[in-house]
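A closer look at the structure
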Amino acid sequence: MIFTVEEINQDPVLLPNVTLGYLVADTCLAEGTTLSAALALVTGQEKTVSGAKCTGAPVVPVIIGDARSSASIVVADTLGVFDIPMVSYFSSCACLSDSHRFHSFLRTVPSDAFQAKAMACLLRLLDWTWVGVVAGDDEYGKSGVQLLLKELENTGICVDYLEFIPKSHSQSRIRRIVEMIQSSTARVVVTFAIAPDIEVLFKEVVVQNVTNRQWIATEAWSTSILFFDPASSSLLAGTIGFALRRADIQGLGAFLAQLSPLKQPNEPFVKDVWEEIFGCSLAQDWEPSSKTPKCTGSENVENYGHIYTDVSQLRVTYNVYKAVYAIANAIHNMMACQPGRGPFEDGECPDVTQIKPRQLLHYLNAVNFTTPVGELVYFEDNGEPSASYDIMNWHVDESGAVNFIQVGQFDAAKGPGQELNINLAKVVWGGGRVDQVPVSVCSASCLPGTRKAVQKGKPVCCFDCLPCAAGEVSNMTVLSVTGATLTTTVLAAFFHHRDTPLVRANNSELSFLLLVSLTLCFLCALVFIGRPAPWNCMLRHTLFGVSFVICIACVLSKTVVVLVAFRATLPGSNLMQYFGPIQQRAGIFLCTLVQVVICLLWLLLAPPLPTEHAGSELGARVILQCTVGSVVGFVLVLGYIGLLAVVCFLLAFFARKLPDNFNEAKFITFSMLIFCAVWITFVPAYVSSPGKYTVAVEIFAILASSYGLLLCIFTPKCYIILLKPEKNTKKNMMAR
């Protein structure tokens, strides 16, 4: 900041004949201290003022800062009442985008909303669907995680655990977090925390020797080497992070190198930095017995102060540079105002002798300039800059030194699907390429309740009742819809040819009802796919049970009619008067009524509901699935369907050789044989299937038995109706 102010003061074009001044205060990484310092600055109560031209502490019209989102929120809430502008260079919390609450807050760093979107894009691109998340227990971490979870909805990416690093840096809590990372099957760890929190975490990571993890870093620490320990090089190698745009600021390196307590004896920050770099003391009362050696003031900064003088990764630094230039350009535009053409009431120009914060805020929102680096800078309507990130990869050489290599870029200005560009050939992976996940996951979104469960320390995943790969869900959906479409097509064909002998001979009314119920059987499989909820858990089993009973009851009625019809041809037989259309409808109604009563009792006494289950085959995951509620109810529903199917099979088997060119009994026999075989196989498969696979088994049984009924009963008829219409005659039917 000081370098930029001096650069502007020496610029003959920008603010000519005007000298910028500044006051600097330490926030001590605490909200209370930050607010106190800010109030002291804007009210002219700052005691320490240096500079020959300064006769007293001025009232500061604008503040650059703070670096931390939590502190910026506190200060912006307070200063916003007085319309005092703030320009932050590192507060990226998306909550600060609220232009109504923080109308005087601007920043040169993109909102975390874009970073969360970039992270989600990266995870989708690399097909990393099973991840852990670690965040700081502050506004930056909490807001960032909420944004990330929102971006991960409907992507099929699951969060195994969500841990928050406490601000107290409690060792027991840190140890527990690292133990969770170590024991989890999720090899990708996404972080949303500031560098001091990450530093504490990685010290414990080294202690516990957590290997084979792919770390994802935010801009807060993606290019920071302050806490990089050579001992952790093998653990952090391959880290992928999002970094702010890098810039080369001419002259900054030389400016930093001339730092010296001998040249700037009255600058308190020089003393602090010097002691930090060289690990020595500049105290006047230093004694030889002290543990810290005495500083001479002539130590070589260029040789030993690499962390301080390294200007190869100017990212946050560049944001400070832009913030100072934004303020300078705003003041420059204020001074260039022509009387009568000003932006205020009656064309009034701002007062440049005593800059008013409200007027400066107006001009700050309107700045549009190009920095000496060559970047166009302006603020959006809510005080936001344009968003872009460099994607960095940590390469570690044989000596253990870390190098930050740019492997891609994220530009929010580009269209959907084009924002992320990464060169995978340049990437070094953390612990090897993370291509595989323990199991496939569903494309449905995470449940709202999972976040509450996570905060209680429970592992949670976004599994639905059928947590299969998106391709498997698609296949089952296609099979279900295809079956329903085929059935509807057959129904349309039968209706169109309803007056033909074949349709009339096969009891057209029962055929229509059978086809409608078969359509419901196919469609009820769709209810099993998707997020479990109380309504669909109760609907799926009852809809399945009632639909199949109607279907089997229609087939049973057809079979009985065939048997009775041939018995009625014997001399003296009057059986058909007891099996007319009214009696057939009544029989189907009574069969269905029994199943409806069973389902109602089941729903009233112990309904199926969504329940979380820990699946042993999934490690720490929790599966949300529909439990049957009452096992007795489930058994009665299946048992009743099975009873009707067995009776129908036996009757059809006895009637299979009756003399009729279009005798349905033999086709019904085949269909019931397939039906019974499917559901006999279903019972042991359903009981033995672990967790998520029980639903897949049930859907398979529904579709297989439905296709069996449709193809066995109606394929021969459709063949005659559509392809051999010459056989669809009364004469041909009565040939035998």
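Residues numbered from 1 in each chain as written. Predicted model: local features only at pLDDT ≥ 70, side-chain atom pairs only at ≥ 80, totals over all residues. Heavy atoms only, no water.

1. A word on the packing of aromatic side chains
Filter applied, for reference: Paired rings are identified among Phe, Tyr and Trp, the last through its six-membered ring, by centres lying within 6.5 Å, and are further divided according to the angle between planes into stacked (under 30 degrees), edge-to-face (over 60) and tilted (the rest). Secondary structure elements follow DSSP: runs of H or I of four or more residues count as helices, runs of E of two or more count as strands, with numbering from the N terminus. Only protein chains enter the accessibility calculation, which uses a 1.4 Å probe. A residue is then buried if its area is under 20% of the maximum for its type, exposed if over 50%, and partly exposed in between. Two conditions define a charge located above a ring, namely a distance within 6 Å from the ring centre to NZ of Lys or CZ of Arg, and an angle within 35 degrees of the ring normal.
Tallying each qualifying case throughout the model produces 22 aromatic pairs. Note on Phe-495 and Phe-512: the rings are 6.2 Å apart at their centroids and 50° apart in plane angle, and the pair reads as tilted. Of the two residues, Phe-495 is situated in helix H16 (residues 470-496) and Phe-512 in helix H18 (residues 508-524); the sequence distance between them amounts to 17 residues. Owing to a relative accessible area of 49%, Phe-495 belongs among the partly exposed residues under this scheme. Ring geometry for Phe-675 and Trp-679: centres 6.3 Å apart, planes at 45°, overall tilted. Remark: Trp-679 and Phe-675 occur in helix H22 (residues 665-688); sequence separation between them is four residues, near one turn of the helix. In this structure Phe-675 comes out as buried when scored by relative accessible area, which is 2%. Within the aromatic cluster, the residues linked to one another by ring pairs are Phe-202, Trp-215, Trp-221, Trp-394 and Phe-404. Just above the ring of Phe-495 sits the side chain of Arg-498; from NZ or CZ to the centre is 4.2 Å.

2. Some remarks on helix H10 (residues 268-278)
As a reminder of what qualifies: Our arc is simply the arc of the directions from the helix axis toward the C-beta atoms. Whether two residues are in contact is decided by their heavy atoms, any of which lying within 4.5 Å being enough.
Of the positions making up H10, those classed as buried are Val-270, Trp-274, Glu-275 and Phe-278. What you see down the axis of H10 is that its buried residues fit within an arc of 125°, all on one side. Residues of H10 that are buried sit in contact with helix H11 (301-304).

3. Some details on the sheet that holds strand E5 (residues 158-165)
For the record, the criterion: Between any two strands, at least two bridges found by DSSP are needed for them to pair. Only the stretch in contact is used when fitting a helix axis, every axis being a line fitted to C-alpha atoms; angles between N-to-C directions are given from 0 to 180 degrees.
Taken in spatial order, the eight strands of this open sheet run E5-E4-E6-E7-E8-E11-E12-E13, and their pairing is mixed. Both outer strands of the open sheet, E5 and strand E13 (420-422), are each paired with one neighbouring strand and no more. Adjacent strand axes in the sheet meet at a mean angle of 25°, parallel and antiparallel pairs treated alike. Alignment of strand E12 (residues 402-411) against E13, held across three bridges, turns out to be antiparallel. By the bridge assignment for E13, Phe-410 is matched with Leu-420.

4. Topic: the environment of Asp-77
Summarising the element assignment, Asp-77 is placed in helix H3 (residues 69-79). When the C-alpha positions of Asp-77 and His-103 are compared, they lie 9.4 Å apart, and in sequence the two are 26 residues distant.

5. Considering the confidence of the model for the protein chain
Defined as follows: Predictor confidence is given residue by residue as pLDDT, running from a minimum of 0 to a maximum of 100.
This prediction gives the protein chain a mean pLDDT of 82; 84% of its residues lie at or above 70. Across residues 435-471 the pLDDT falls below 50, and counting only partners more than four positions away or on other chains, this stretch makes 100 contacts in the model. Low pLDDT, under 50, characterises residues 614-620; the predicted model gives this stretch ten contacts beyond four residues in sequence or across chains.

6. Considerations on the environment of Ile-702
Within the element layout of this structure, Ile-702 appears in helix H23 (residues 693-723). Distance in space between the C-alpha atoms of Ile-702 and Leu-523 is 9.7 Å, their sequence separation being 179 residues. When near neighbours in sequence (up to four residues on either side) are disregarded, Ile-702 contacts Cys-521, Cys-524, Ala-525, Phe-528, Phe-544, Phe-548 and Trp-679.

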